[in-house]
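Inside the fold
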Amino acid sequence: MSKLVLILNCGSSSLKFAVMDATTGEDMLSGLAECFNLDDARIKWKLHGVKGEAMLGAGAAHQAALDHIVSQILPQDPSLAEQLVAIGHRIVHGGEQFSRSVRIDDAVIAGIEAAIPFAPLHNPAHLIGIRAALQVFPALANKNVAVFDTAFHQTLPQEAYLYALPHTLYREHGIRRYGAHGTSHRFIAEETAKALGKPLAELNMINCHLGNGASVCAVRNGESVDTSMGLTPLEGLAMGTRSGDIDPAVVFFMHDQLGFSVDKINHVLTRESGLLGLTEVSSDCRYVTSNYPQEEHAKRALDVFTYRVAKYVGAYAAAMEGRLDALVFTGGIGENAALVRELVLGRLALLGFKVDEAANAAAVLGGEGRITAEGSRLALVIPTNEELVIARDALALVG
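Along each chain, residue indices are assigned from 1 in the same order as the chain's sequence is written. Restriction of local features to residues with pLDDT of at least 70 applies here, the model being predicted, together with a cutoff of 80 or more for giving and counting side-chain atom pairs; totals for whole chains, interfaces and linings are based on all residues. To obtain the side-chain values, all non-hydrogen atoms of the structure were used and water was disregarded.

For the rest of this paragraph, the subject is the sheet that holds strand E13 (residues 369-370). Strands sit in the order E11-E10-E9-E12-E14-E13 across an open sheet of 6 strands; the sheet is mixed. Among the strands making up the open sheet, the edge pair consists of strand E11 (223-227) and E13. Pairs of strands are assigned from DSSP output, requiring at least two bridges between the strands. For the purposes of this entry, the term helix denotes a DSSP run of H or I that reaches at least four residues, the term strand denotes a run of E that reaches at least two, and both are numbered from the N terminus. Summarising the sheet, strand E12 (residues 326-330) and strand E14 (residues 379-381) pair through 3 bridges and their orientation is parallel. In the sheet register, Leu327 faces E14, and the bridge partner there is Ala379. When checking whether two residues touch, look at their non-hydrogen atoms; a contact exists if any pair is within 4.5 Å. For helices, the axis comes from a line fit to the C-alpha atoms of the stretch in contact; other axes are also lines fit to C-alpha atoms, and the angle between any two N-to-C directions lies between 0 and 180 degrees. Relative to the sheet, helix H7 (residues 182-196) contacts strand E9 (204-210), strand E10 (214-220), E11, E12 and E14, its axis offset from that of E9 by approximately 130°. Packed onto the sheet, helix H14 (residues 338-346) meets E9, E12 and E14 and runs at close to 155° relative to E12.

In structure tokens form, the structure reads like this:
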């Protein structure tokens, strides 16, 4: 029986896609369509290792990208489309309704729509992708699966997910911590348990998923018990363009004293802050790390970023109930920015971490494993693979 799954990750202006063997993790096809609704909308892909690219046409978006995949890319190997057994969709926010991956039906679509206020940039795009997939892959109409970034965090205890707000705001409006990156945090927990030779149910770890979006997750006995992102993916760490934690009164100050509109404040906090705001030059961590030794603005940004990560790790040590098996770094920055890991671990000496400089420097571009010295508390680099989780869940749910 075929194990090939089409994986779709629809953003507001882009679509990542792949065809993966859910048992081996091998990518047969991978690609990215981007710049939707602009004059230079385009698509790039790699099919069996051979690269290709094309323009989609001015104003093209999700439907045009999926049409191109079906009509232009998959026909280059007709056996791929014939062997597809499921379509897996990455969904950022499922609210409290979804604690696991599910097959998509009208009720699931309604649930994703209901969570739009918590992920207004992401969930509408996911729904566009779902509806387009149903149209262009009619034979797989009842084999679409939703995999939720929030699902892994539905095990958070009340003391971790509740805000100290009037309780009616949670009871009537669902205002609480939901978290994100759960698909990655779940994968890393499973891989860490394998690496340590422990049952997942006995694993205590802290995972740092660091990328343009970044979050920390406390995993106790194999379950998420706290995480840095909150009602939305804006809370927590400083990120590429997101502010992360701020005093809520900053919002009132910008509105009342500076005359910023609500839309302007939202744009500042989500699009102009983080590394971009602190450097006033770039949101790219590669720029920040390469200029860290000689540029004050780069040093400022990276010091804030790494301090926030270390502070969350220190706080989540309190959730471990006496045992921390490992600290793990993953994501584009976590897997490739040795300087970031070194600075974070340097701030965590009190917890017994001491970086192994050679091992840390080697753990980039696919390198992985232990990056702390012998006798030190364990820190690891483990590459994440959210697509494999989506493929596995989709295959399991379609039988």
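A separate point is the packing of aromatic side chains. Only centres within 6.5 Å qualify two rings of Phe, Tyr or Trp (six-membered ring in Trp) as a pair; their planes then separate them into stacked at under 30 degrees, edge-to-face at over 60, and tilted for everything else. Summed over the entire model, instances satisfying the criterion amount to 4 aromatic pairs. With centroids separated by 4.3 Å and ring planes inclined at 5°, the aromatic side chains of Phe98 and Phe148 adopt a geometry described as stacked. Residue Phe98 is found in the loop between strand E6 (84-91) and strand E7 (102-103), and its partner Phe148 is found in strand E8 (residues 144-148); the two are separated by 50 residues along the sequence. Note on accessibility: Phe98 and Phe148 belong to one class, buried. Relative to Tyr316, the ring of Tyr312 has its centre 5.6 Å away and its plane inclined at 65°; by these criteria the two rings are edge-to-face. A residue pair is termed a helical-turn pair when its members lie 3 or 4 positions apart in one helix, as Tyr312 and Tyr316 do in helix H12 (residues 296-316) at 4 residues. We call a residue buried when its accessible area falls under 20% of the maximum for its residue type, exposed when it is over 50%, and partly exposed in between, using a 1.4 Å probe and counting protein chains only. Overall, Tyr312 belongs to the buried group, its relative accessible area being 13%. Assessed through its relative accessible area of 6%, Tyr316 is described here as buried. A cation over a ring is seen here: Lys264 above Phe260, with NZ or CZ 5.6 Å from the ring centre. Note on criteria: charge over ring means Lys NZ or Arg CZ within 6 Å of the ring centre, with the direction from the centre no more than 35 degrees off the ring normal.

So, on to the pairing of E6. Among the 8 residues that make up E6, 8 are buried, leaving the element largely enclosed by the rest of the structure. Bridging between strand E1 (residues 4-10) and E6 involves 5 bridges; their strand directions are parallel. Of the residues in E6, the one forming a bridge with Leu6 is Ile87. The pairing of E6 with E8 spans 5 bridges and is parallel. Residue pairing for E8: Gly88 is matched across the bridge by Val145.

Inspection of the secondary structure assignment puts Ser101 in the loop between E6 and E7. By relative accessible area, Ser101 is classed as buried at 12%. Within the structure, Ser101 has its side chain in polar contact with the side chain of Asp393 (distance 2.6 Å). With residues near it in sequence (within four places) discarded, Ser101 still touches Val145, Ala146, Val147, Arg186, Asp393 and Leu397. Side-chain atoms alone can form a polar contact between residues adjacent in sequence; in general such a contact is a pair of N or O atoms within 3.5 Å, and within protein one must be able to donate a hydrogen while the other accepts it.

Bringing the pairing of strand E2 (residues 15-21) into the picture now. Counting buried residues along E2, 6 of its 7 residues qualify, which places the element largely inside the surrounding structure. In terms of strand pairing, E1 meets E2 through 7 bridges, oriented antiparallel. If you follow Ile7 over to E2, its bridge partner there is Ala18. The turn linking E1 back onto E2 is made up of 4 residues. Relative to strand E3 (residues 27-34), E2 runs antiparallel, the two being bridged by 6 bridges. Across the sheet, residue Leu15 finds its bridge partner in E3, namely Ala33. Two successive antiparallel strands, E2 and E3, enclose a turn made up of 5 residues, where Gly25 displays a positive phi of approximately 80°.

Let us look at helix H4 (residues 123-136). Given the number of residues in a helix, its expected span is that number minus one, multiplied by 1.5 Å. Spanning 14 residues, H4 covers 20 Å between terminal C-alpha atoms, matching the ideal 20 Å at 1.5 Å per step. Looking only at H4, the buried set comprises Asn123, Ala125, His126, Leu127, Gly129, Ile130, Ala132, Ala133 and Val136. Residues of H4 that are buried make contact with E1, helix H1 (62-73), E6, helix H3 (106-114) and E8.

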